[in-house]
There are 2 protein chains.
Amino acid sequence: MHKVNVGVLGATGAVGQTFLHILEERSFPVGELRLLASPRSEGKTMPFRGEQIPVHALAENSFENLDFVLCCANDNLSRELAPVAARAGAVVVDKTNAWRMVPEVPLVVPEVNPEDARLHDGIIAGPNCSTTELVVALAPIHRVNPITRIIVDSYQAVSGTGAAAIQELRDQTHAWANDEEITSSVYPHQIMMNVLPEIGSFNSNGYCSEEMKLVNETRKIMHAPDIAISATTVRVPVEVGHSEAVHVELTRPMSADEVRDLLSYAPGVCVVDDPARSMYPLPLTAAGRDEVFVGRIRTDISHPQGIAMWIVSDNLRKGAALNAVQVAELLIADGLL
Amino acid sequence: MHKVNVGVLGATGAVGQTFLHILEERSFPVGELRLLASPRSEGKTMPFRGEQIPVHALAENSFENLDFVLCCANDNLSRELAPVAARAGAVVVDKTNAWRMVPEVPLVVPEVNPEDARLHDGIIAGPNCSTTELVVALAPIHRVNPITRIIVDSYQAVSGTGAAAIQELRDQTHAWANDEEITSSVYPHQIMMNVLPEIGSFNSNGYCSEEMKLVNETRKIMHAPDIAISATTVRVPVEVGHSEAVHVELTRPMSADEVRDLLSYAPGVCVVDDPARSMYPLPLTAAGRDEVFVGRIRTDISHPQGIAMWIVSDNLRKGAALNAVQVAELLIADGLL
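Owing to the predicted nature of the structure, the values given are computational and were not obtained by experimental measurement.

What should I look at first to understand the packing of helix 3 (residues 129–144) of chain B against helix 8 (residues 317–333) of chain B in this one?
All names here are of chain B. Direction vectors running N to C along helix 3 and helix 8 enclose 85°, while the axes themselves pass 8 Å from each other. Comparing their axes, helix 8 and helix 3 come out roughly perpendicular. Across the interface between the two elements, Cys129, Thr132 and Val136 from helix 3 touch Lys318, Gly319 and Asn323 from helix 8. Residue classes in the contact of helix 3 with helix 8 are distributed as two nonpolar, three polar and one charged.

Help me understand the interface of chain B and chain A in this model?
Interface size, as often reported, equals the accessible area lost upon joining of the parts. Between chain B and chain A, the contact holds 60 residues from the first and 60 residues from the second. Summing both sides of the interface, chain B and chain A together bury roughly 5000 Å²; the carbon and sulfur share of this comes to 62%. Three residues, Met193, Arg296 and Ile301 of chain B, lead the burial of chain B against chain A; their summed loss comes to 12% of the area buried on that side. For Arg296 of chain B, the salt bridge is made with Glu211 of chain A, and the minimal N-O distance between the two is 2.7 Å. Among the elements of the structure, strand 8 (147–155), helix 4 (163–177), helix 5 (209–221), strand 9 (228–232), strand 10 (242–250), helix 7 (283–286), strand 12 (292–299) and strand 13 (306–313) of chain B are those that each provide at least two residues to the side of chain B that touches chain A. Looking at the side of chain B that touches chain A, the element that brings in the most residues is helix 4 of chain B, giving six residues. In terms of residue class, the side of chain B that touches chain A is made up of 34 nonpolar, 16 polar and 10 charged.

Just checking my understanding: could you explain the pattern of salt bridges for this structure?
Any two side chains of opposite charge can pair if their charged atoms end up close together. All names here are of chain A. Scanning the model with the defined rule gives 34 salt bridges over all chains in all. Note that Arg26 is salt-bridged to Glu329, the shortest N-O span being 2.8 Å. With a gap of 303 residues between them, Arg26 in the loop between helix 1 (14–25) and strand 2 (30–37) and Glu329 in helix 8 (residues 317–333) connect regions that are remote in the sequence. The exposure class of Arg26 is partly exposed, given its relative accessible area of 32%. Connected through salt bridges with shared partners, the residues Glu25, Arg26, Asp290, Arg317 and Glu329 form a single ionic network.

Could you clarify how one ought to interpret the sheet that holds strand 11 (residues 269–271) of chain B in this entry?
Sheet strands associate in pairs through backbone hydrogen bonding, adopting either a parallel or an antiparallel arrangement. Residues and elements named next belong to chain B. The six strands lie next to each other as 9-8-10-13-12-11, forming an open sheet whose pairing is mixed. Pairing within the sheet leaves two strands with one partner each, and these edge strands are strand 9 and strand 11. The sheet shows a mean angle of 25° between the axes of neighbouring strands, direction not considered.

Sorry, what's going on with the side chain of Glu198 of chain B here?
As for its position among the elements, Glu198 of chain B is in the loop between helix 4 and helix 5. At a separation of 2.8 Å, a polar atom in the side chain of Glu198 of chain B contacts the side chain of Ser278 of chain A. Residues contacting Glu198 of chain B, with those up to four places away along its chain left out, are Pro275, Ser278 and Tyr280 of chain A together with Pro188 and Thr233 of chain B.

What am I meant to see in unusual backbone geometry here?
Phi is mostly negative for residues that are not glycine, and the peptide bonds are mostly trans. All names here are of chain A. You will see that Asp179, though not glycine, has its phi angle at about 60°, which is positive. Of note, Asp179 is situated in the loop between helix 4 (163–177) and helix 5 (209–221). Given the relative accessible area of 74%, Asp179 is considered exposed. The phi dihedral of Ser278 is positive, around 60°, even though this residue is not glycine. Mapped onto the fold, Ser278 is located in the loop between strand 11 (269–271) and helix 7 (283–286). Exposure remark for Ser278: the relative accessible area of 12% places this residue in the buried category.

Got a minute to help me understand the packing of helix 4 of chain A against helix 4 of chain B in this structure?
How two helices sit against one another is set out by the angle between their axes and by the gap between those axes. Contact geometry for helix 4 of chain A and helix 4 of chain B: axes closest at 9 Å, N-to-C directions at 110°. Judged on the interaxial angle alone, helix 4 of chain B and helix 4 of chain A are roughly perpendicular. Between helix 4 of chain A and helix 4 of chain B the crossing geometry is left-handed. Taken together, the residues of helix 4 of chain B that come into contact with helix 4 of chain A (itself represented by Arg170, Thr173, His174, Trp176 and Ala177 of chain A) are Arg170, Thr173, His174, Trp176 and Ala177 of chain B. For the contact of helix 4 of chain A with helix 4 of chain B, a count of residues per class yields four nonpolar, four polar and two charged.

What should I look at first to understand helix 5 of chain B in this one?
In an α-helix there are 3.6 residues to a turn, and that puts residues three or four apart on one side. Residues and elements named next belong to chain B. For helix 5, with 13 residues, the first-to-last C-alpha span of 17 Å sits near the 18 Å given by 1.5 Å per residue. Of all the 13 residues making up helix 5, 10 are buried; the element is thus mostly covered by neighbouring parts of the structure. Within the sequence span of helix 5, burial applies to Ser209, Glu210, Glu211, Met212, Lys213, Leu214, Val215, Glu217, Thr218 and Ile221.

Teacher, can you tell me more about the environment of Asp226 of chain A here?
Here Asp226 of chain A is to be found in the loop between helix 5 and strand 9 (228–232). Sequence separation between Asp226 of chain A and Thr148 of chain A is 78 residues; the distance between their C-alpha atoms is 7.5 Å.

For this particular structure, what's the right way to read the relation of the copies chain B and chain A?
Between the two copies of the chain lies a rotation about an axis combined with a shift along it. Of the transformation placing chain B onto chain A, the axial shift is 0.0 Å and the rotation is 180°, giving an RMSD of 0.0 Å. Between the two chains, the operation in question is that of a two-fold axis. When the interface residues of chain B are mapped onto chain A, 100% of them again fall at the interface, so both copies present the same face.

Mind showing me how you'd approach helix 6 (residues 256–264) of chain A here?
Residue and element names in this part refer to chain A. If you check which residues of helix 6 are buried, you get Ala256, Val259 and Leu263. What you see down the axis of helix 6 is that its buried residues fit within an arc of 65°, all on one side. The inward-facing, buried residues of helix 6 contact helix 3 (129–144), strand 11, strand 12 (292–299) and strand 13 (306–313).

What counts and what doesn't
- Residues numbered from 1 in each chain as written.
- Chains lettered and ligands numbered in written order.
- Predicted model: local features only at pLDDT ≥ 70, side-chain atom pairs only at ≥ 80, totals over all residues.
- Heavy atoms only, no water.
- Axes fitted to C-alpha atoms, helices over the stretch in contact; angles between N-to-C directions.
- Helix = DSSP H or I, 4+ residues; strand = E, 2+ residues; numbered from the N terminus.
- Parallel < 35°, antiparallel > 145°, perpendicular 65-115°, else oblique.
- Contact = heavy atoms within 4.5 Å.
- Nonpolar A, V, L, I, M, F, W, Y, C, P; charged D, E, K, R; others polar.
- Buried area = accessible area lost by both parts, 1.4 Å probe.
- Salt bridge = Lys/Arg side-chain N within 4 Å of Asp/Glu carboxyl O.
- Buried < 20%, exposed > 50% of the residue type's maximum accessible area, 1.4 Å probe, protein only.
- Pairing = 2+ DSSP bridges.
- Polar contact = N/O pair within 3.5 Å; in protein donor to acceptor, adjacent residues only side chain to side chain.
- Left-handed = near helix turned anticlockwise from the far one by under 90°.
- Expected span 1.5 Å × (residues − 1).
- Least-squares fit on C-alpha atoms with pLDDT ≥ 70 in both.
- Arc of directions from axis to C-beta.

Rendered as structure tokens:
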């Protein structure tokens, strides 16, 4: 079988670690695996298929002979290095915010717009974690009954911020349990026993960058520049799993049962919807799973063409690393990798 | 000064305890204070103004010579006993769900519809905690620019369930910190490090009772039966303080600055809205405070007459006990108590 030489830029972060797990799980045909990170990670190793793989600091020839590079470093590094890796011959799937809204760069969720991946010129962007689960759940509806407006309010896990934020929540929880002082450094306020309506930086329109990502990325992926979208994105004291309360307006009325039936057969979606038995998606049960879970599907009683629902997915997997692996698998299937 | 003989039915619960604190803080003119609860609380005492007040089990003459009774027991007990207390001559402010939607019973938030309190026939209902903060923040807008639609997704503290739920979150947090097994009995799933999109029981329309309370109570209090309202209510691992992401549609366009100015002078509202400096309402800072905090006020970019905002309030105080005390104060000011 054709082997793929894989590089990971930002290998030691939360997404990089999850990416390696998923390559293992899915028996991805890895040839060489090259882990790249900042100089302070030089000398570290990371486990992969029973071996300890060394982490290398970035150098001039870091991208030579790589077929596929996952970039999950920061935006600035990605802006600088994704083109370098692409020029060296690799297809880069970028998980940062650097390339998503660049018109020439496809923004791809394989369940939604796989055809866009073929148009790449070396760089394919993956959407933000909160967008990915939203479009996986909404695109099947939009295809048969175009969505005109989306309101989404999120309940996002700290792992979306990164490994340091997971540690901060854990540290604060231990401090609380031991009656010690609780300190914050990753977030501007205590996250434990609290919720924070701020993710990213604030725009002049009063929306934060996470909210505008949901707006702009959803439109681009669904090829629907005219959908009206609003969001309030909120960090909650959960380790893994982003939840979203979603209210959509459709072109025609549609029953909850129709939506439920449609989503039951949609790729990447798992409907969990028996609320009378307390069965609905939960971050705690979605963590570690690949699916986008959808439940609480009901007619939105505030709008004649409205549907309300509750969407949960593992933000590190489908929200980031899994989506990147699926893009690579798509390219292999198309003979492009 | 005229003294008021006060009874508390359900005195030992989370709301009852907060009610006593607030009577102390506001120097409410308490004559006799009679604490009533189920037989299993007989013999307990509760502190009030430096004394230990005994808790009595309910008896036939429990309501004799009382002027004002706060009922924060369960719905069934309230249905049975609120009329008994009213017939015995007390004005009952009921915090349960038993009387809120009975047409003859006024449902009162003093900042919003104080005039309705005068129409009582012995029983005045207080709204559910998630409704109270919503109407305090929205009524000032509705008065000058009628609201046509509200979408609200909530982030509700466990204290809304009661004292046992606070204990469950604390126990689960200690168990997590000590690497012990986490068990749940109050909630159907672990609440610590999780969020649960279920509050109350589910209706046949797929909405849970907490969601329908927001719909029906908001319409009744604001005398606006035609407002379209939808909600997703979610329990989060926070002890005290309900947060709400709110998207409203108005009759005419209105700028965020206009809304901010209006709310800055609205009774019971405190605007905290400087997101660039991470200043916005938070449950952790709203806990123990009387105000309804509003921030993240912005034009809702998904609707030409839309406004989005973030509302937080202490669910035990303004959401329950404080509102009841304010109703009593209103009746005193009107010479009705």
